[in-house]
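Take a look at the letters that make up each chain.
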Amino acid sequence: QVQLVESGGGLVQAGGSLRLSCTVSGSIFSFNPMAWYRQAPGKQRELVAMHTISGGTNYADSVKGRFTISRDNGKTVNLFMNNLKPEDTAVYYCYAVKLPNTYWGQGTQVTVSS
(Lines give C-alpha, C1' and ligand atoms only; values in the text may rest on other atoms or scores of the structure.)
Protein backbone atom coordinates (compact mmCIF):
# COMPACT_ATOMS: atom_id res chain seq x y z
CA GLN A 1 0.00 0.00 0.00
CA VAL A 2 1.40 3.35 -1.08
CA GLN A 3 0.16 6.77 -0.09
CA LEU A 4 1.32 10.13 -1.36
CA VAL A 5 0.82 13.29 0.65
CA GLU A 6 1.49 16.73 -0.80
CA SER A 7 2.28 19.86 1.14
CA GLY A 8 3.51 23.38 0.54
CA GLY A 9 0.73 24.83 -1.56
CA GLY A 10 -0.58 28.29 -0.94
CA LEU A 11 -0.95 31.81 -2.25
CA VAL A 12 2.01 33.62 -3.74
CA GLN A 13 2.48 36.75 -5.80
CA ALA A 14 3.70 36.60 -9.37
CA GLY A 15 7.47 36.38 -9.46
CA GLY A 16 7.59 34.63 -6.13
CA SER A 17 8.68 31.15 -5.21
CA LEU A 18 7.10 28.15 -3.59
CA ARG A 19 8.23 24.68 -2.66
CA LEU A 20 5.96 21.68 -2.85
CA SER A 21 6.79 18.41 -1.15
CA CYS A 22 5.43 14.94 -1.62
CA THR A 23 6.05 12.35 1.06
CA VAL A 24 5.59 8.68 0.33
CA SER A 25 4.25 6.20 2.83
CA GLY A 26 4.60 2.53 2.09
CA SER A 27 6.89 0.48 -0.08
CA ILE A 28 8.47 2.47 -2.86
CA PHE A 29 11.98 2.65 -4.19
CA SER A 30 14.28 5.23 -5.68
CA PHE A 31 13.95 3.69 -9.12
CA ASN A 32 10.18 4.10 -9.11
CA PRO A 33 9.40 7.19 -11.17
CA MET A 34 7.72 10.11 -9.46
CA ALA A 35 6.27 13.23 -10.94
CA TRP A 36 4.24 16.36 -10.41
CA TYR A 37 1.10 17.06 -12.37
CA ARG A 38 -1.23 20.02 -12.21
CA GLN A 39 -4.78 20.76 -13.16
CA ALA A 40 -6.22 24.21 -13.61
CA PRO A 41 -9.98 24.83 -13.57
CA GLY A 42 -11.55 23.74 -16.83
CA LYS A 43 -8.36 22.14 -18.10
CA GLN A 44 -6.96 18.65 -18.28
CA ARG A 45 -4.37 17.45 -15.85
CA GLU A 46 -0.91 17.99 -17.29
CA LEU A 47 2.56 16.76 -16.52
CA VAL A 48 4.76 19.42 -14.94
CA ALA A 49 7.94 17.62 -13.97
CA MET A 50 9.12 14.05 -13.71
CA HIS A 51 11.93 12.25 -11.97
CA THR A 52 12.65 9.35 -14.28
CA ILE A 53 13.62 5.72 -13.77
CA SER A 54 17.23 6.55 -14.59
CA GLY A 55 17.31 9.46 -12.16
CA GLY A 56 17.00 12.13 -14.79
CA THR A 57 14.39 14.83 -15.00
CA ASN A 58 11.88 16.06 -17.55
CA TYR A 59 9.91 19.28 -17.54
CA ALA A 60 7.00 20.75 -19.37
CA ASP A 61 8.11 23.47 -21.74
CA SER A 62 6.04 25.99 -19.81
CA VAL A 63 8.07 25.51 -16.62
CA LYS A 64 11.57 24.82 -17.91
CA GLY A 65 14.08 27.08 -16.27
CA ARG A 66 11.67 27.98 -13.49
CA PHE A 67 10.79 24.70 -11.78
CA THR A 68 13.09 22.05 -10.38
CA ILE A 69 12.12 18.58 -9.26
CA SER A 70 14.32 16.79 -6.74
CA ARG A 71 14.25 13.42 -5.06
CA ASP A 72 15.26 12.73 -1.49
CA ASN A 73 16.42 9.12 -1.26
CA GLY A 74 13.44 7.90 -3.20
CA LYS A 75 10.65 8.62 -0.74
CA THR A 76 10.28 12.36 -0.89
CA VAL A 77 9.99 14.45 -4.00
CA ASN A 78 10.12 18.23 -4.03
CA LEU A 79 9.07 20.74 -6.63
CA PHE A 80 10.88 24.04 -6.36
CA MET A 81 8.92 26.66 -8.22
CA ASN A 82 10.53 29.99 -9.03
CA ASN A 83 9.36 33.06 -10.89
CA LEU A 84 5.78 31.94 -10.57
CA LYS A 85 3.21 33.21 -13.01
CA PRO A 86 -0.58 33.48 -12.72
CA GLU A 87 -0.89 30.71 -15.30
CA ASP A 88 0.82 28.38 -12.83
CA THR A 89 -2.32 28.52 -10.69
CA ALA A 90 -3.64 24.98 -10.35
CA VAL A 91 -4.05 22.04 -8.07
CA TYR A 92 -0.74 20.22 -8.02
CA TYR A 93 -0.69 16.44 -7.67
CA CYS A 94 2.08 14.09 -6.75
CA TYR A 95 2.29 10.93 -8.84
CA ALA A 96 4.25 7.72 -8.49
CA VAL A 97 4.65 4.58 -10.54
CA LYS A 98 5.23 1.22 -8.97
CA LEU A 99 4.27 -1.28 -11.62
CA PRO A 100 1.72 -2.60 -12.10
CA ASN A 101 0.18 0.23 -10.09
CA THR A 102 0.15 4.00 -10.16
CA TYR A 103 -0.61 6.35 -7.30
CA TRP A 104 -1.90 9.88 -6.91
CA GLY A 105 -1.84 12.27 -4.02
CA GLN A 106 -4.89 14.31 -3.06
CA GLY A 107 -3.46 17.53 -4.46
CA THR A 108 -2.41 20.88 -3.08
CA GLN A 109 -3.66 24.23 -4.31
CA VAL A 110 -1.21 26.76 -5.70
CA THR A 111 -2.56 30.21 -6.44
CA VAL A 112 -0.42 32.87 -8.05
CA SER A 113 -1.75 36.40 -7.95
CA SER A 114 -0.84 39.03 -10.51
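Placed above this text is the structure.
Computed from a predicted structure; not experimentally measured.

**Q** How do you make sense of the sheet that holds strand 3 (residues 18-25) when you look at a structure like this?
**A** Whether parallel or antiparallel, the strands of a sheet pair through hydrogen bonds between backbone atoms. Reading across from one edge, 1-3-8-7 is the order of the four strands in this open sheet, with antiparallel pairing throughout. If you trace the sheet from one side to the other, it starts and ends with strand 1 (3-7) and strand 7 (67-72), each paired once. The average angle at which neighbouring strand axes cross in this sheet is 15°, direction not considered. Across six bridges, the pairing between strand 3 and strand 8 (residues 76-81) is antiparallel. Along strand 8, the bridge assignment pairs T23 with T76.

**Q** Got a minute to help me understand the pairing of strand 3 in this structure?
**A** Each regular strand carries side chains that alternate between the two faces of the sheet. Of the strand pairs in this sheet, strand 1 and strand 3 are connected by five bridges, and their pairing is antiparallel. Within strand 3, the residue paired with Q3 across the bridge is S25.

**Q** Honestly, the state of the cysteines in this entry has me stumped. Any pointers?
**A** Each disulfide consists of a covalent bond between the sulfur atoms of two cysteine residues. Within this structure, the stated rule accounts for one disulfide. Residue pairing for C22: its cysteine sulfur links by disulfide to C94, the two sulfurs lying 2.0 Å apart. With the S-S dihedral at roughly -85°, the linkage between C22 and C94 falls on the left-handed side. Here C22, found in strand 3, pairs with C94, found in strand 9 (residues 90-98); they are 72 residues apart in sequence, far enough to count as distant. Since its relative accessible area comes to 0%, C22 is described here as buried. C94 sits in the buried class, given a relative accessible area of 0%.

**Q** What am I meant to see in the environment of G9 here?
**A** Relative to the helices and strands, G9 resides in the loop between strand 1 and strand 2 (10-13). Placed 44 residues apart in sequence, G9 and I53 show a C-alpha to C-alpha distance of 26 Å.

**Q** Please clarify how the packing of aromatic side chains should be interpreted in this entry.
**A** Each aromatic ring pair is specified by the distance between its two centres and by the angle formed by the two planes. Under the criterion given, the structure shown has five aromatic pairs. Consider the rings of Y37 and Y95, whose centres lie 5.3 Å apart with planes at 70°: the pair is edge-to-face. You can see Y37 sitting in strand 4 (residues 34-39) and its partner Y95 sitting in strand 9, a full 58 residues away along the chain. Accessibility expressed as a relative area gives 17% for Y37, which makes it buried. For Y95, a relative accessible area of 14% gives the class buried. When the centroid spacing of 5.0 Å and the interplanar angle of 70° are considered together, the rings of Y37 and W104 count as edge-to-face. Of the two residues, Y37 is situated in strand 4 and W104 in strand 10 (residues 101-104); the sequence distance between them amounts to 67 residues. A relative accessible area of 36% means that W104 is categorised as partly exposed. Pairwise contacts between aromatic rings join Y37, Y93, Y95 and W104 into one cluster. Across the ring face of Y93, the terminal group of R45 is positioned such that the distance to the ring centre comes to 3.7 Å.

Definitions and limits used
Residues numbered from 1 in each chain as written. Predicted model: local features only at pLDDT ≥ 70, side-chain atom pairs only at ≥ 80, totals over all residues. Heavy atoms only, no water. Pairing = 2+ DSSP bridges. Helix = DSSP H or I, 4+ residues; strand = E, 2+ residues; numbered from the N terminus. Axes fitted to C-alpha atoms, helices over the stretch in contact; angles between N-to-C directions. Disulfide = S-S within 2.5 Å. Buried < 20%, exposed > 50% of the residue type's maximum accessible area, 1.4 Å probe, protein only. Phe/Tyr/Trp six-rings, centres within 6.5 Å; stacked < 30°, edge-to-face > 60°. Lys NZ or Arg CZ within 6 Å of the ring centre and 35° of its normal.

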